[in-house]
Amino acid sequence: MLSCKELVAHSSDLLDGRLSLRQRLAVRAHLAMCLRCRRFIKQMRLSQAVLRQLPQAPIAELDALAAKLAELRRQQR
Ligand SMILES: [Zn+2]
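Residues numbered from 1 in each chain as written. Predicted model: local features only at pLDDT ≥ 70, side-chain atom pairs only at ≥ 80, totals over all residues. Heavy atoms only, no water.

Colleague: Just give me the short version of the pattern of salt bridges, but keep the residues and values in it.
Modeller: Any two side chains of opposite charge can pair, so long as their charged atoms come close to each other. Tallied over the entire structure, the rule returns 2 salt bridges. As a salt-bridge pair, Asp-13 and Arg-18 come within 2.7 Å of each other at their nearest N and O atoms. Salt bridges sharing common partners tie together Asp-13, Asp-16 and Arg-18. (Salt bridge = Lys/Arg side-chain N within 4 Å of Asp/Glu carboxyl O.)

Shown next as structure tokens:
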């Protein structure tokens, strides 16, 4: 049986789908019994999903932000 520490060590491989079938089963068995690790994996999945969306954030938003900052600076003069 995996320990929580081992599960955490495997977690990024798990989310990237890089575990062997045997490792996946061991992880799944652990998750079935361990609420804390279930929460941990859920958090990892969530932050991974957020990270994946970041590069898709339009550059236009950065431009708009820069323009706003420039405008603020003008108003301060
Ligand atoms: Zn655990």
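Still more ground to cover, so stick around.
Colleague: Which residues make up the coordination of the zinc ion, and what values go with them?
Modeller: Around the zinc ion, the donor atoms from the protein are Cys-4 (SG), His-30 (NE2), Cys-34 (SG) and Cys-37 (SG), and they sit 1.9 to 2.4 Å away. Its 4 donor atoms give the zinc ion angles of 105 to 115 degrees at the centre, a pattern that matches the tetrahedral case. Sequence spacing of the donor residues for the zinc ion, all on one chain, is C-x25-H-x3-C-x2-C. You'll find His-30 and Cys-37 in the same group, each marked buried. (Donors = N, O, S within 2.8 Å, 3.2 Å for Na, K, Ca; no water. Tetrahedral: all angles 85-135°; square planar, octahedral: opposite > 155°, others 65-115°. Buried < 20%, exposed > 50% of the residue type's maximum accessible area, 1.4 Å probe, protein only.)

Colleague: Could you give an account of the packing of helix 2 (residues 21-33) against helix 3 (residues 35-53), with specific residues and numbers?
Modeller: Geometry of a packed helix pair, given as the angle between the helix axes and the separation of the axes. Where helix 2 meets helix 3, the axes come as close as 6 Å, and the angle between the chain directions of the two elements is 115 degrees. As summarised for this structure, helix 2 and helix 3 are arranged roughly perpendicular, according to the angle between their axes. Relative to helix 3, the crossing made by helix 2 is left-handed. Counted together, His-30, Leu-31, Ala-32 and Met-33 of helix 2 and Leu-35, Cys-37, Arg-38 and Ile-41 of helix 3 form the full contact between these two elements. Here the residues of the contact of helix 2 with helix 3 are counted per class, giving 6 nonpolar, 1 polar and 1 charged. (Axes fitted to C-alpha atoms, helices over the stretch in contact; angles between N-to-C directions. Helix = DSSP H or I, 4+ residues; strand = E, 2+ residues; numbered from the N terminus. Parallel < 35°, antiparallel > 145°, perpendicular 65-115°, else oblique. Left-handed = near helix turned anticlockwise from the far one by under 90°. Contact = heavy atoms within 4.5 Å. Nonpolar A, V, L, I, M, F, W, Y, C, P; charged D, E, K, R; others polar.)

Colleague: Please give an account of the packing of helix 1 (residues 4-15) against helix 2 that cites residues and values.
Modeller: Where helix 1 contacts helix 2, the axes come no closer than 11 Å and their chain directions differ by 125 degrees. It follows that helix 1 is oblique to helix 2 by the angle criterion. Both helix 1 and helix 2 take part in a crossing whose hand is left-handed. For the pair helix 1 and helix 2, the contacting residues are Cys-4, Leu-7, His-10 and Leu-14 in the first and Gln-23, Arg-24, Val-27, His-30 and Leu-31 in the second. Tallied by class, residues from the contact of helix 1 with helix 2 come to 5 nonpolar, 3 polar and 1 charged.

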